[in-house]
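Listed here are the chains, written in short residue letters.
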Amino acid sequence: MVVRMRRNRSQTAKRRSNHAIHGQRLAKCECGAARMSHRACPQCGKYNGKIIIDIVAVASRAARRAKRKQTELRASGHSDETKEKETAKTS
Ligand SMILES: [Zn+2]
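Thresholds applied
Each chain carries its own residue numbering, running from 1 in the written order of its sequence. Confidence filtering applies because this is a predicted model: local features only for residues at pLDDT of at least 70, side-chain atom pairs given and counted only at 80 or more, and all residues used for totals across whole chains, interfaces and linings. Starting at the N terminus, helices and strands are each numbered in turn, a helix being any DSSP run of H or I of at least four residues and a strand any DSSP run of E of at least two. C-beta atoms are placed from the backbone for every residue, and two residues are taken to be in contact when these atoms lie within 7 Å. By definition here, a helix of n residues has an expected span of 1.5 Å times n minus one. Exposed residues have 12 or fewer other C-beta atoms within 10 Å of their own C-beta, buried residues have 20 or more, and partly exposed residues fall in between, where C-beta atoms are placed from the backbone.

Enquirer: Please clarify how the overall build of the protein should be interpreted in this entry.
Expert: Of regular secondary structure, the protein possesses three helices and four strands. Put simply, the protein runs from its N terminus to its C terminus through helices and strands in the order α-β-β-β-β-α-α. Relative to all contacts within the protein whose residues are 6 or more apart in sequence, the contacts with residues 24 or more apart total 0%.

Shown next, in the form of structure tokens:
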């Protein structure tokens, strides 16, 4: 290595000053939940006092998808419920 390329103690310290890991910066929503700043609240769907995400619609959509997945699993015979019934019959 050429002397010109050599890093002195100060330069090393400056580089390492950014190595510390710090946690997420969380802000408190008006509903009381912790949320990331500059992001809509996942609990109430509000950002800057306005409703951005329709929480009820998102929850109903998730429920519908879970139900559909469950029926598909039951149709293909891979669900846990059928296995439980089979074990109940054998025992
Ligand atoms: Zn909120």
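Enquirer: It is not clear to me how the environment of Cys29 should be interpreted in this structure. Could you clarify?
Expert: Of note, Cys29 is situated in the loop between β1 (26–28) and β2 (34–36). When the C-alpha atoms of Cys29 and Cys41 are compared, they prove to be 6.7 Å apart, with 12 residues separating the residues in sequence. Discounting residues that sit within four places of it in the chain, Cys29 has contacts with Arg35, Cys41, Gln43, Cys44 and Lys46.

Enquirer: Hey, could you run me through helix α2 (residues 55–76) in this one?
Expert: Because an α-helix packs 3.6 residues into every turn, residues spaced three or four apart end up facing the same way. Under the 1.5 Å per step criterion, the end-to-end length of α2 is 32 Å for 22 residues, consistent within 8% with the ideal 32 Å. Burial analysis of α2 places just zero of its 22 residues in the buried class, a small minority of the element. Just past α2, the residue Gly77 takes up positive phi, approximately 80°.

Enquirer: When you look at unusual backbone geometry in this model, what are you seeing that I'm missing?
Expert: For residues that are not glycine, phi is negative in most cases, and the peptide bond is trans in most cases. If you check the backbone angles, His38 has positive phi at about 65° while not being a glycine. Note that His38 resides in the loop between β2 and β3 (46–47). Note on His38: 9 C-beta atoms within 10 Å, which makes it exposed. With a phi close to 55°, Asn48 is a non-glycine residue in the positive phi region. On the secondary structure map, Asn48 appears in the loop between β3 and β4 (50–51). A tally of 8 C-beta atoms within 10 Å means that Asn48 is categorised as exposed.

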